[in-house]
Amino acid sequence: MDITKIKQLFTLFSGESCTEEQEPLIQLALTEVEAMLTENADKSDERLNFLCAALANFRYYQAISSQDRSEYTYGGKFINDSEKKNLSFAEGLLKGYFQLCSDIIKDSGFIFMGA
């Protein structure tokens, strides 16, 4: 897996520049994907770069969505749901890359993903 490509793809998926703030998410994604690989998987497979970036993107939007992003108006409070839309898109993207890499990752039988 190529960390430089993963960072570029993360920037493409999230629209955010990859800074020191996002580095732990990228490292976590690398660790998670490496743990999922089958024994005969080629770590240089280009699909893994996309999977890592999609996983980092998903974790990024999970973190952003967990923050209180309430907007206040004169009449009261309402929730800004743009983060929910981004998280939903990130989840769909991640599922697509999991499916694309299904032949080189272990089937854990259960992956919990929720918004």
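Residues numbered from 1 in each chain as written. Predicted model: local features only at pLDDT ≥ 70, side-chain atom pairs only at ≥ 80, totals over all residues. Heavy atoms only, no water.

Caption draft 1: Spotlight on the packing of aromatic side chains. With the rule as written, the count across this model stands at 4 aromatic pairs. Both rings, one in tyrosine 60 and one in tyrosine 61, keep their centres 5.1 Å apart while their planes meet at 75°; by these two values the pair is edge-to-face. When sorted by exposure, tyrosine 60 lands in the same class as tyrosine 61, which is buried. An aromatic cluster of at least three residues, connected via ring pairs, comprises Phe10, Tyr60 and Tyr61. (Phe/Tyr/Trp six-rings, centres within 6.5 Å; stacked < 30°, edge-to-face > 60°. Buried < 20%, exposed > 50% of the residue type's maximum accessible area, 1.4 Å probe, protein only.)

Caption draft 2: Representation of helix α1 (residues 3-14) within the structure. Taking 1.5 Å as the rise per residue, α1 with 12 residues should run 16 Å; its terminal C-alpha atoms sit 16 Å apart, in good agreement. Three or more residues of α1 are buried, namely Ile6, Leu9, Phe10, Phe13 and Ser14. For α1, the angular spread of buried residues about the axis comes to 115°, placing them on one side. Exposed positions of α1 whose direction lies more than 90 degrees from the buried face are Gln8 and Leu12. The opening residue of α1 is aspartate 2, an N-cap whose side-chain oxygen sits 3.1 Å from the backbone nitrogen of threonine 4. Looking at the residues trailing α1, positive phi occurs at glycine 15, about 80°. (Helix = DSSP H or I, 4+ residues; strand = E, 2+ residues; numbered from the N terminus. Expected span 1.5 Å × (residues − 1). Arc of directions from axis to C-beta. Polar contact = N/O pair within 3.5 Å; in protein donor to acceptor, adjacent residues only side chain to side chain.)

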